[in-house]
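Geometric and topological summary
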Amino acid sequence: MREDLKTWITERQAKLHRGVKSIRKAVTERMDAANEDVKMLMQRYAEAELDYAARDQEIADLKEKVKALEAENARLKSTTTGSNVVAIDQGRR
C-alpha cells in the first residue's frame, strides 16, 4: 500500500509543470483548445438558428396551404350540399 502511494505521488509529480515556459505552454494549449470548442459551438448555434428560421418559414407556408385547402373544401362542400350524391361504383355491380 505504501509503495503504491509513493508510486502514485511520483507519477503525479512527474506530470506537474515546472517553470514559467512550461506553465505558459500548458495554459496556452488549454486556452487554444477552449477557444476551438467555443468556435465550434458558435458555428453549431448559427447553423441551428438558420435551420430554425427555415423550419419556421416552412411551417408558415404549410399553414397558408392548409387555409387554402380548407377554403376550397368548404367551397366544394357548399356546391354539393343539397344535390344527390351517388357513389361512383354504384351502377357497376
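Provided above is the structure to which this section pertains.
To keep things clear, this report deals only with the structure shown in the data block.

Definitions and limits used
Residues numbered from 1 in each chain as written. Predicted model: local features only at pLDDT ≥ 70, side-chain atom pairs only at ≥ 80, totals over all residues. Heavy atoms only, no water. Helix = DSSP H or I, 4+ residues; strand = E, 2+ residues; numbered from the N terminus. Buried < 20%, exposed > 50% of the residue type's maximum accessible area, 1.4 Å probe, protein only. Areas by Shrake-Rupley, 256 points an atom, 1.4 Å probe, with all protein chains shown as cover. Salt bridge = Lys/Arg side-chain N within 4 Å of Asp/Glu carboxyl O.

In terms of helices and strands, the protein carries two helices and zero strands. Counting all 93 residues of the protein, 1% fall into the buried class. Total accessible area on the protein is roughly 9400 Å²; 57% of this is exposed by carbon and sulfur atoms.

As enumerated under the stated definition, the model contains one salt bridge in all. For arginine 55, the salt bridge goes to glutamate 58, with nearest N and O atoms at 3.9 Å. Taken together, the residues arginine 55 and glutamate 58, both in helix H2 (residues 20-80) and three residues apart, mark about one turn of the helix.

Everything listed here is a matter of coordinates, which is why it stays silent on function.
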